[in-house]
Amino acid sequence: MEYKSFPGGIHPPDAKKYSKNSSIADPPLPQKVIIPLLQHIGAPSKPVVKVGDEVKLGQKIAEAGGFVSIPMHASISGKITNIAKFPHPAGLMQQAIEITGNGKDDWIDLVDDENYFELSAEEIKKRIAEAGICGMGGAGFPTHVKLSPPQDKPIDTVILNGVECEPYLTADYRLMLERPEAIISGLKLLMKTVKAENGIIGIESNKPDAIKLFEELLKDEKNIKVTGLKLKYPQGAEKQLIYAATGRKVPNQGGLPMSVGTVVQNVGTAVAVYEAVRYKKPLIQRVISVTGKIVKNPRNINARIGTLCKDLLEFCDGTTEEIGKVISGGPMMGFALFTLDTPIGKGSSGLLIMNKKEASKNEESTCLRCGRCVDVCPMNLVPSLIASNVRYNDIKSAEKYGAMDCIKCGSCAYVCPSHIKLIQWIDIAKIKISEMRSS
Amino acid sequence: MSQIYAVSAAPHIKQKISVSSVMWQVALALTPALLAAVVFFGIRSLELTIYGILAAVITEALFQKIRQVPITVTDGSAVVTGMLISFNLNVASPWWLPVAGSVFAITIGKQIFGGLGHNPMNPALLGRAFLVASWPTLTTAGWTASAPFKNLFEGSINGLKNLPSNIPDVITSATPLGVAKALRDPAIISRDMAETVMNKLADMDTIRHLFWGNIGGCIGEVSAGLLLLGAAYLAYKHIIEWRIPVSYIATVFVLIYVFGGINGLFSASILLPVFHIFAGGLILGAFFMATDMVTSPVTKRGRYIFGIGCGIITVVIRLVGGYPEGVSYSILLMNIAVPLIDKYTVPKPFGEVRS
C-alpha cells in the first residue's frame, strides 16, 4: 500500500505499546459523575434539571444552548446532587452537573430501529443532535452542525479519521479493531445525511491490522475505501488529513472542510452516530486510553462521560511511581490537569500519566533562528518569528507570519532546541490579533 | 482536597535537543578535519585551534560577567567560534593571531549585539575579516604546502616564480586558488603557460589531493572529504539543513563552468568547477558557516536565495575580485541581507487562496 501524507510534521516516539494490546474494558459503575456543560465548541448547554431531581441513565439533563451546541445526558442513573463549577477536562473550572449514582443503571426507553438506514437525512440529523454528539477526536465540534452545510457547499466525501496520530493513545485503534461494523454503519449514515458519494477511512501506517481489517470488510463496497497514511504527526489534524486523503487544501483564514466538499469525523463519532440513529442512544460513554509509563495496568476503557480521572486510574491499578503530570488527551495537544478529581468529557481520548522526570520542563533560552520550527510546521507558518514579534508586542508582524492559521499541533515547540514555548506565544498572538481586529 | 499537580501548556513531550547539544555536535563534526590538519601540518594546527578556543571561551565569560548576564560558555557556541577562527588560519601563524581573531569575533561579532542568537553576522567570519584586514601578510601569504602538493605543482609553480616581475605576494604562496587566480592575469603569466597550468588544476589527480587533504591552505580547509564527513553527520542529525550548502555549491559549479575558463564563456573543462568546489574554503564555508543558524534565513525559500547569493559573490570575487578566495566575504555580505530575505520570503500558509 502506498501511504499518503502532508508537507511538514514530526516523528515523536509513538509510545502506543503501553495500551495497544489491551481490549476495551468496562469499568465498574462510577458512584459519582460530573458532567460539564461545555464539552464542545459553541454555546454551553443549559441545565434542565435541578438539584435533588432523580434521573435515569440517558435522560437529558441539559439542552443545547443554541444551534452550535449540544444537549447533555445523565451517564448514570441517580440523583442530581450539585450544579456548580468543577474541574474541567480542558483545565480550569467550568460549570457542571454532579450526579450521585443509585447503582441501578436503569436506562430511559431505547428503541431498535432495524430499518434505521431508511430514515430521512433530516431524521438522522435530528437523532444525532438529540443524542448530544460532538467530535470525539478532541476539538468537539457539534456533529449535526458539521452535517448541515449551506446549499452552495455540496459535500462529496466523508472522511473518517482513524489516524490517531497523538503518541500513547490507542482508543481509536481498539475501537477500529473491535467495532468495525459499527464504524462502517456510522460512516454510511454520515454519507447519506450529507449526500456524499464517497467515504474514506484514513488510518496511519502503524496500525496495519486495522487497515487490513477494513480493507477486508470493505472489499465489496465501491464507494468506501481505506486510505493508508504515513506515520507522521499531525497526520490526524483535519486539514492535513483532508489533503493527504483527497489532495484538497482547505482554505486558510477560517476555511472549513465543507469549502472543499468534505466532512471529517472521528471513528469514535461514527460509532456514536450509529448508536444514536439506530437505538436513539445518547452519547453517555466513550472509549478512553488510560496510559503512560508509570500506569500499572494501562487500558482502553469504555468509560461513562463524567467519570472522574481518579476512578479510571484506580481501574488501571494506579501508578508505580509518584505522579508528575496528569494529561487529558494526548501528549502533543492534551491539557494538563491540576487534579485527578477532573471528569472526562465527550472529547477525552486519553488520560496520560507522567512521572516527575517526564514532566520536567526546560527553561526558554534565546532563539537560535535555526528554522526547525519552520521546517516542521504543517501549516507552513513561521512560528519563531510569530513568537519573537508577539514578545516585543509587534502584533501586526505576528499576524503576517501566520499566527491566525496555527492549528496548535505543537510540532514547532517539540523540535525547538531553545525550548521556546511557541504554542503559548502563538496563543497570546491570536488573542492580541483578535483584540486588534475588533478595535 | 486531593493532591494538586503542576500544569503547563502543551506539548507535554519534547525532542531531546538543546542549544548546547546542537553546538557541541557542530564542534564534534569539525573534529575529523582538525585531525587531518594535525596529520598533514603537524601538532601546531591543534595548538593554534586550542588558542582560538580558549580565547573565545574566556572572552565570552568575561564579557558576560561584565554584562551581568548568566555565563553560558558551556553551551559550546564560543568553542565552535574559536575552532572556526583557527580553521581559517595558516599553520605558520603566530599564537596570538587566533587569539586576536577570537577576541574580536566574540566581542564585536557576538556579545556586543546581545550574545548568541542576536548577532547579525557570523562571528568567526567577522573575526577572520578583521585578521585579514589587520595582518594581510600573516593571513594570506606564506602558506605551507604539504609535500605531495609541492611535487604536484613544482613545474608550474616554479614557472610562475621565475617570471621576472609584477608578481604580487599572493602568487608566491601556493594555495590552489591563488594559482587559479593568477592564471587569469595576462600580465603575470602567458596564455600558453596559463592553459597548461589550468589543465593541471582541473585534473582528477589535483582534485583527489584536494579532497583528501594533500594541499596547501588553512588548517580547517585541508581535507574536503573529512569536512564532508562532519557535514553529513550534522545533516543526518538535522542540525544543518541542505538547502543552503546545496544551492551555494550548485551556484558556484554553474557559474565557474560558464565563466571560469580563460578562453571565454563555456571554455572551462567540467573538472574546473569541481576543482573550485574542493579548493579553498568553499566546503568549510558552505557546510559550517553559511549554515550558521543565527545568521541565515529561517524561511525555506530564503535559504535558497541565501545560498545562491553566496555562490554568486564567491565566484565574482574568485574570478574578478581582488582576492583569490571569496567565501568568507560572500557569506558575511549575505548575512547582512538575511533580515531582508526573511521579510520577503514569508511562506504562504497551507491553504492560502492565491488570487
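Residues numbered from 1 in each chain as written. Chains lettered and ligands numbered in written order. Predicted model: local features only at pLDDT ≥ 70, side-chain atom pairs only at ≥ 80, totals over all residues. Heavy atoms only, no water.

### A short note on the overall build of chain A
For chain A, the helix and strand inventory stands at 14 helices and 17 strands. For 439 residues, the compact-globule estimate of 2.2 N^0.38 gives 22 Å, and the C-alpha radius of gyration of chain A, at 21 Å, lies within 12% of that figure. Taking the principal axes of its C-alpha atoms as reference, chain A extends roughly 60 × 50 × 50 Å. Across chain A, the fraction of contacts at a sequence separation of at least 24, relative to all contacts at a separation of at least 6, is 74%. In chain A, which carries 56 positive and 48 negative side-chain charges, the distance between the mean positions of the two groups comes to 4 Å. (Helix = DSSP H or I, 4+ residues; strand = E, 2+ residues; numbered from the N terminus. Rg over C-alpha atoms; globule rule 2.2 N^0.38 Å. Contact = heavy atoms within 4.5 Å. Lys, Arg positive; Asp, Glu negative; His and termini not counted. Charge placed at Lys NZ, Arg CZ, Asp CG, Glu CD.)

### A word on unusual backbone geometry
A negative phi angle is the norm for most residues apart from glycine, just as the trans form is the norm for most peptide bonds. Residues and elements named next belong to chain A. Of note, the amide linkage connecting Tyr233 to Pro234 takes the cis form, showing an omega dihedral of -5 degrees. If you trace the backbone, Pro234 turns up in the loop between β11 (224–229) and α6 (238–246). A positive phi angle, near 50 degrees, is found at Ala15, a position not held by glycine. Along the chain, Ala15 turns up in the segment before β1 (24–25). Looking at Ala15, the relative accessible area reads 16%, which means it is buried. (Buried < 20%, exposed > 50% of the residue type's maximum accessible area, 1.4 Å probe, protein only.)

### Things to note about the domain arrangement of chain A
Interface size, as often reported, equals the accessible area lost upon joining of the parts. Residues and elements named next belong to chain A. Each assigned domain of chain A is listed here: domain 1 (1–22 + 109–360) and domain 2 (372–438). Contacts between domain 1 and domain 2 engage 17 residues on the former and 14 residues on the latter. When domain 1 packs against domain 2, the two sides together hide about 1,100 Å² of surface, and 57% of this comes from carbon and sulfur. Of all residues in domain 1, Ile10, Gln240 and Gln253 bury the most surface against domain 2, accounting for 34% of the area lost on that side. Inspection of the domain 1/domain 2 interface yields zero salt bridges. (Domains from an automatic or database assignment. Buried area = accessible area lost by both parts, 1.4 Å probe. Salt bridge = Lys/Arg side-chain N within 4 Å of Asp/Glu carboxyl O.)

### Description of a positive patch on the surface
Taken together, Lys17, Lys293 and Lys357 of chain A together with Lys16 of chain B make up a surface patch of like positive charges. Within the fold, Lys293 of chain A resides in the loop between β13 (285–291) and β14 (299–304). Given a relative accessible area of 45%, Lys293 of chain A falls into the partly exposed group. (Patch = residues over 30% accessible without salt bridge, like charges linked within 9 Å, V, L, I, M, F, W, Y side chains within 5 Å. Areas by Shrake-Rupley, 256 points an atom, 1.4 Å probe, with all protein chains shown as cover.)

### Let's talk about the pairing of strand β12 (residues 262–266) of chain A
Of all five residues in β12 of chain A, five are buried, a share of seventy percent or more. Residues Thr262, Val264 and Asn266 of chain A point to one face of β12 of chain A and Val263 and Gln265 of chain A to the other, with burial holding for every one of them.

### Concerning the domain arrangement of chain B
Residue and element names in this part refer to chain B. According to the domain assignment, chain B contains domain 1 (19–140) and domain 2 (147–216 + 240–343). Opposite the 24 residues of domain 1 that make contact, domain 2 presents 20 residues. Taking both partners together, domain 1 and domain 2 bury about 1,700 Å²; carbon and sulfur atoms supply 72% of that area. One can count zero salt bridges joining domain 1 with domain 2. The interface formed by domain 1 and domain 2 holds three residue pairs in polar contact (both at pLDDT 80 or more) in total. Looking at the side of domain 1 that touches domain 2, the elements with two or more residues in it are α1 (19–41), α3 (77–87), α5 (123–134) and α6 (136–140). The residue makeup of the side of domain 1 that touches domain 2, split by class, is 16 nonpolar, seven polar and one charged. (Polar contact = N/O pair within 3.5 Å; in protein donor to acceptor, adjacent residues only side chain to side chain. Nonpolar A, V, L, I, M, F, W, Y, C, P; charged D, E, K, R; others polar.)

### Overview of the sheet that holds β14 of chain A
All names here are of chain A. Read across the sheet, six strands follow the order β1-β14-β13-β17-β15-β16 without closing on themselves; strand pairing throughout is mixed. Edge positions in the sheet fall to β1 and β16 (335–337), since each of these pairs with one other strand and no more. Inspection of the sheet shows β13 paired to β14 by six bridges, in the antiparallel sense. Following the sheet pairing, Val287 is matched in β14 by Asn302. (Pairing = 2+ DSSP bridges.)

### So, the sheet that holds β12 of chain A
All names here are of chain A. Taken in spatial order, the four strands line up as β11-β10-β9-β12 in an open sheet, and their pairing is parallel. Lying at the two open borders of the sheet, with one neighbouring strand each, are β11 and β12. Looking at each pair of strands side by side, their axes are set apart by 25 degrees on average, direction ignored. Two strands pair when backbone bridges link them, and strand β9 (residues 157–162) and β12 are joined in this way by five bridges, in the parallel orientation. Considered in β12, the bridge of Val158 is made with Val263. Against the sheet, helix α5 (residues 208–217) touches β10 (198–204) and β11, its axis set at about 155 degrees to β10. Packing of helix α7 (residues 267–279) onto the sheet brings it into contact with β9 and β12, and relative to β12 it is tilted by some 90 degrees. (Axes fitted to C-alpha atoms, helices over the stretch in contact; angles between N-to-C directions.)

### Section: the side chain of Asn88 of chain B
Assignment of secondary structure puts Asn88 of chain B in the loop between α3 and α4 (96–107). Every residue in contact with Asn88 of chain B, bar those within four places of it in the chain, is listed here: Arg128, Cys218, Glu221 and Met289 of chain B.

### Things to note about the packing of helix α12 (residues 224–236) of chain B against helix α15 (residues 282–289) of chain B
All names here are of chain B. Where α12 contacts α15, the axes come no closer than 10 Å and their chain directions differ by 15 degrees. One finds that α12 runs roughly parallel with respect to α15. Two packed elements cross with a definite hand, and for α12 against α15 that hand is left-handed. In contact with Ala224, Leu227, Leu228, Gly230, Ala231 and Leu234 of α12, α15 contributes Ile283, Leu284, Phe287 and Phe288. Grouping the amino acids of the contact of α12 with α15 by side-chain chemistry returns nine nonpolar, one polar and no charged. (Parallel < 35°, antiparallel > 145°, perpendicular 65-115°, else oblique. Left-handed = near helix turned anticlockwise from the far one by under 90°.)

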